[in-house]
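Examination of the molecular architecture
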Amino acid sequence: TKTYANTNLPMKSPAGSRTKSEDRTSFSLYPADLKILNDSLARLTERKVLTDRTKFVRCLLHSATELDLFAYAAVQHREDSLKAGPRETEYVEERVTIVLPVTDLSKVERAVRQLKTKGVRANESYILRALLRRLPSLDALTPLVAGYLDKFPDGRSRAGRAKVK
């Protein structure tokens, strides 16, 4: 095994502790997307559903079907094409890197490929932005996120480890 220079400490693999069923990906988000994301998290917190951006995005991508992802992006594309000027008026504000189950990432990639066959320029970030811009109502979102967090507890916390056992 490789070690850090001048130490006997082993280097972690680039994948860290991820399993082969997970992969890391990054999404570029515009200020409008970050506002939706942060506002949603704040509104969920008001309803006692405590989550962070990573788990929230994982929940959205896990819960949406491939058809949902395609449809939301197609509607977003139609709206973008009706705008005068560029699709976005601001620059990308942040890149969010998330470890996703390979099955969920594959679903996003398939939606991107389907969009491209229809002549729509899209990527994984575009899919997430379209999904964020079409979030369900807070009444529908709250049980969706709460159910996801219950089904996929965070193993880093004491409460999460107790649920995993």
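Residues numbered from 1 in each chain as written. Predicted model: local features only at pLDDT ≥ 70, side-chain atom pairs only at ≥ 80, totals over all residues. Heavy atoms only, no water.

Along an α-helix, residues three or four positions apart point the same way, because every turn accommodates 3.6 residues. With respect to burial, helix 5 (residues 124–132) is a largely interior element, eight of its nine residues being buried. Buried residues belonging to helix 5 abut strand 1 (22–29), helix 1 (31–46), helix 2 (53–63), helix 3 (66–82) and helix 4 (102–117). (Buried < 20%, exposed > 50% of the residue type's maximum accessible area, 1.4 Å probe, protein only. Helix = DSSP H or I, 4+ residues; strand = E, 2+ residues; numbered from the N terminus. Contact = heavy atoms within 4.5 Å.)

Here the focus is the packing of aromatic side chains. What the rule picks out here adds up to one aromatic pair. Ring geometry for Tyr-148 versus Phe-152: centroids 4.8 Å apart, planes at 40°, classification tilted. Since its relative accessible area comes to 9%, Tyr-148 is described here as buried. The exposure class of Phe-152 is partly exposed, given its relative accessible area of 35%. (Phe/Tyr/Trp six-rings, centres within 6.5 Å; stacked < 30°, edge-to-face > 60°.)

This part covers unusual backbone geometry. Here the phi dihedral of Lys-48 falls at roughly 65°; this positive angle occurs in a residue that is not glycine. Assignment of secondary structure puts Lys-48 in the loop between helix 1 and helix 2. Look at Lys-48 and you get exposed, because its relative accessible area is 71%.

A word on the pattern of salt bridges. Per the stated rule, a full pass over the model turns up nine salt bridges. Here Glu-94 ties to Arg-53 by a salt bridge, and the two come within 2.5 Å at their closest N and O atoms. Placement of Glu-94 in strand 2 (residues 94–101) and of Arg-53 in helix 2 is noted, with a sequence separation of 41 residues between them. The partly exposed category is assigned to Glu-94, whose relative accessible area is 26%. For Arg-53, a relative accessible area of 25% gives the class partly exposed. The salt bridge partner of Glu-79 is Arg-134, with a shortest N-O separation of 2.8 Å. Taken together, the positions of Glu-79 in helix 3 and Arg-134 in the loop between helix 5 and helix 6 (138–151) put the pair 55 residues apart, joining distant regions of the chain. For Glu-79, a relative accessible area of 40% corresponds to the partly exposed category. (Salt bridge = Lys/Arg side-chain N within 4 Å of Asp/Glu carboxyl O.)

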